[in-house]
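Architecture at a glance
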Amino acid sequence: MSTLLPVPREAEILQERATEHRVGRALVTGCAGFIGSHLTEALLRDGVEVIGVDCFNDNYGRPAKIRNLERAREWDSFDFVPIDLSRGELTDLVADVDTVFHLAAEPGVRASWGTRFETYLRNNLLATQQLLEACTGWPEGNRLVYASSSSIYGQAEALPTYETTTPRPFSPYGVTKLAAEQLCFSFCDNFGVDVSALRYFTVYGPRQRPDMAFTRLCEAALDGTEITVFGDGLQTRDFTFVEDVVAATRAAASAPAAVGRAYNVGGGTRISLRAVIDLLAEISERPIATVHADKQEGDVRDTAAATDLAQRDLAFKPTVTFEQGLRQQWEWAVADRQRRAATAR
């Protein structure tokens, strides 16, 4: 079965299986991460019981991830399980939930080359396989939502990019995300595990990872330091605010049409890095000095998501403009800096 455009017979099978799924008790993998922590809090606010899983891998510091969990830990309906999905026995973990939001992963394009590739294989592919194996014993109707990535497309053939575009990953990271996505659909076809996948396009907002561009820009503005721009700065991205990503992810867990399909999730505005720097300087009222270095291996030139399918099946529509979202990230960065300074006294 094609995960993008099912043939009629297979579409009928999926339609027979697909009903609206209501989330009662959820497992969120990668719950201490950027997107995972926002998703966890949104579910808890709406009365969903959440089991959160994170292994605190070393892609960035443990203290930041602990801070990401502070609000979730205030809820009695939140249970945290520190476990490495690639090594743990997961059958009992998924036995008492009806929905899995699988966001745990080893992120980052540039770090995925060389000796770290084994880490990407373990955390992106093996961990997903272990989780899917545990889900094969699920009752009918339970669902797994997989957080995929726009990195599967690589240097896209056309912009905006549709789900029917042939994936051509441009980095080892993209290769592992595509492989894990296809593994999900293999379990859907062979074992009846209801799966949907969301291809996130460059997510930003409060709690963004320290290695990501907007966090580094905010830090440079706060410190008055230079920031390195790889390439000419004219590369563009379809930036997507984290709240919109959370809304799409939750919709994929309940929409009947989402079973067996992959969806682009993008913010709808393609902006160059140079324009982002200028806008953040305006918002922060601080100059941001840049120095240029060679383009890095694995970095694509442009991305833009065609989200027609997500609009149709998930009622997805971005609600936060780019300027609003960037302002929220800046205000969070300022507040977080002040809080950490106060804690250190």
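This write-up is about the structure you can find in this document. Counting restarts for each chain, with residues numbered from 1 along the sequence as it is written. Reporting of local features is limited, given that this is a predicted model, to residues whose pLDDT is at least 70; pairs of side-chain atoms are given and counted only at 80 or more, and all residues count toward the totals for whole chains, interfaces and linings. The side-chain numbers reported here are obtained from all heavy atoms of the structure, hydrogens and water having been left aside.

So, about unusual backbone geometry. With an omega of -5°, the peptide bond running from leucine 159 to proline 160 counts as cis. Secondary structure follows DSSP: runs of H or I at least 4 residues long count as helices, runs of E at least 2 residues long count as strands, and numbering of each begins at the N terminus. By the secondary structure assignment, proline 160 is in the loop between strand E5 (143–149) and helix H6 (172–191). Even without glycine at this site, alanine 315 takes up a positive phi of about 55°.

Time to look at the side chain of arginine 143. With respect to the helices and strands, the residue arginine 143 is situated in strand E5. We note that arginine 143 is buried and unpaired, the nearest opposite charge coming from aspartate 194 at a distance of 5.0 Å. For the purposes of these results, a polar contact is taken to be a pair of N or O atoms within 3.5 Å, where, inside protein, one atom must be able to donate a hydrogen and its partner to accept one; residues adjacent in sequence count only when each atom of the pair is a side-chain atom. A distance of 2.9 Å separates a polar side-chain atom of arginine 143 from the backbone oxygen of alanine 252. A polar contact of 2.7 Å, which involves the side chain of arginine 143, links it to the backbone oxygen of alanine 255. With a 1.4 Å probe rolled over the protein chains alone, any residue whose accessible area is under 20% of its type maximum counts as buried; one over 50% counts as exposed, and the rest are partly exposed. Note on charges: Lys and Arg go in the positive column, Asp and Glu in the negative column, and His and the chain ends are not counted at all. The rule for a salt bridge is simple: a side-chain nitrogen of Lys or Arg has to be within 4 Å of a carboxyl oxygen of Asp or Glu.

Before going further, it helps to examine the layout of surface pockets. Over the atoms rolls a probe the size of a water molecule, and its path tells where empty space is left. By volume, the second largest pocket is sized at about 730 Å³. Surrounding the second largest pocket, 31 residues form its lining, His38, Asn68, Pro206, Arg207 and Trp332 being those nearest its centre. Elements supplying a minimum of two residues to the lining of the second largest pocket: helix H2 (34–45), helix H3 (62–68), helix H7 (213–223), helix H8 (242–252) and helix H11 (322–344). Ranked by the residues each element gives to the lining of the second largest pocket, the list is headed by H11, at 8 residues. Here the residues of the lining of the second largest pocket are counted per class, giving 13 nonpolar, 6 polar and 12 charged. Within this scheme a cavity is a closed region of a 1 Å grid, computed over the protein atoms alone, that accommodates a 1.4 Å probe without allowing it to escape, whereas a pocket is open but has protein on both sides within 12 Å along at least five of seven lines; lining residues each have an atom within 4 Å of a point. Grid points are joined across faces, edges and corners, and a volume is the space filled by probe spheres set on the points. The classification used treats Ala, Val, Leu, Ile, Met, Phe, Trp, Tyr, Cys and Pro as nonpolar, Asp, Glu, Lys and Arg as charged, and all other residues, Gly among them, as polar.

Moving on: H2. Helix length check: H2, at 12 residues, gives a terminal C-alpha distance of 17 Å against a target of 16 Å (1.5 Å per residue), a fit within 8%. The set of residues buried in H2 consists of Phe34, Ile35, Gly36, Ser37, His38, Leu39, Thr40, Glu41, Ala42, Leu43 and Leu44. Glycine 47 lies just past H2 and shows a positive phi near 85°. Multiplying one less than the number of residues by 1.5 Å gives the expected span of a helix.

Take the pairing of strand E4 (residues 99–102) next. Side chains of E4 alternate between two faces, with Thr99 and Phe101 and Val100 and His102 buried alike. Only strands joined by at least two bridges in the DSSP assignment are considered to pair. Relative to E4, strand E1 (residues 25–29) is paired through 4 bridges, and the arrangement is parallel. Bridging from a neighbouring strand, alanine 26 pairs with threonine 99 of E4. Examined bridge by bridge, E4 and E5 share 4 bridges and lie parallel to one another. From the neighbouring strand, threonine 99 faces E5, where its bridge partner is arginine 143.

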